[in-house]
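Each chain, written out:
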Amino acid sequence: MTLLLSQRAQWILLGIMMALMALTRYNHFFTPTLLADVTWAAFFVAGLMITYRFAPIILILEVLLIDLGGQWLFEVDIETAGCISPAYPFLLLAYMSLWAAGRLTQTKWQNHWTSLVKLYTLLVIGVSVAFAISNLSYFAFADTVELLDFSQFVERVTPYWSSFLQAALFWVTTIIVTAYALIKASTTHRHTLKNQAN
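These numbers come from a predicted model, not from an experiment. (Residues numbered from 1 in each chain as written. Predicted model: local features only at pLDDT ≥ 70, side-chain atom pairs only at ≥ 80, totals over all residues. Heavy atoms only, no water.)

## What to know about the layout of surface pockets
Volume-wise, the second largest pocket comes out at about 490 Å³. What lines the second largest pocket is a set of 19 residues, and nearest its centre among them are L5, A9, A179, L182 and I183. Counting residues per element, the lining of the second largest pocket draws most heavily on helix α7 (residues 161–197), at 10 residues. When grouped by side-chain class, the residues that make up the lining of the second largest pocket number 12 nonpolar, five polar and two charged. (1 Å grid on protein atoms, 1.4 Å probe; cavity = no way out; pocket = protein on both sides within 12 Å on 5 of 7 lines; lining within 4 Å. Points joined across faces, edges and corners; volume = space filled by probe spheres on them. Helix = DSSP H or I, 4+ residues; strand = E, 2+ residues; numbered from the N terminus. Nonpolar A, V, L, I, M, F, W, Y, C, P; charged D, E, K, R; others polar.)

## Structural notes on helix α1 (residues 7–24)
Taking 1.5 Å of rise per residue, 18 residues should cover 26 Å, and α1 covers 26 Å from first to last C-alpha, within 8% of that figure. Those residues of α1 not exposed but buried are Q10, L13, L14, M17, L20, M21 and T24. End-on view of α1: buried residues confined to an arc of 125°, all on one side of the axis. Seen from the open side of α1, the exposed residues pointing more than 90 degrees away from its buried face are R8 and L23. (Expected span 1.5 Å × (residues − 1). Buried < 20%, exposed > 50% of the residue type's maximum accessible area, 1.4 Å probe, protein only. Arc of directions from axis to C-beta.)

In structure tokens form, the structure reads like this:
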């Protein structure tokens, strides 16, 4: 299985992930009626399958637009909801750690099933690092956790790690399988047209 996408396919993939982010950004976890946020997976996949170095910057700009625009457009009180705090810049660092995990996966990729083990191992590591950066910075800088000591905070946030991992595993797998199916279909279509021309 190859992860090489044409430039056009990379733009399409980036556009699809941006659309999914716009649709799912406010739903952190899966519910019976809502899909989980694709953001963490989008940064990992951008590092994995999109060679443009500015792709994570585009995704960060979209995150900022959604988060800050949500307050204005939908009258969401993002400060009270805990979305924006003095720790917010560290959330962007967490996203970049996911992108870096995807990029590291890309450099180690070989067209062999063992690469899938590397992919999912680095995804788990990337999610864990992003989760740690996000939550530790929130504990250090956000006013809303002043009444908790560190052990209480860790006890409260740790159960959410598996939900973030579950969402990332679902979306990364879905995106890769879909992209691979499209690559196969496109390749088959090109071969068919070539054979017909001959």
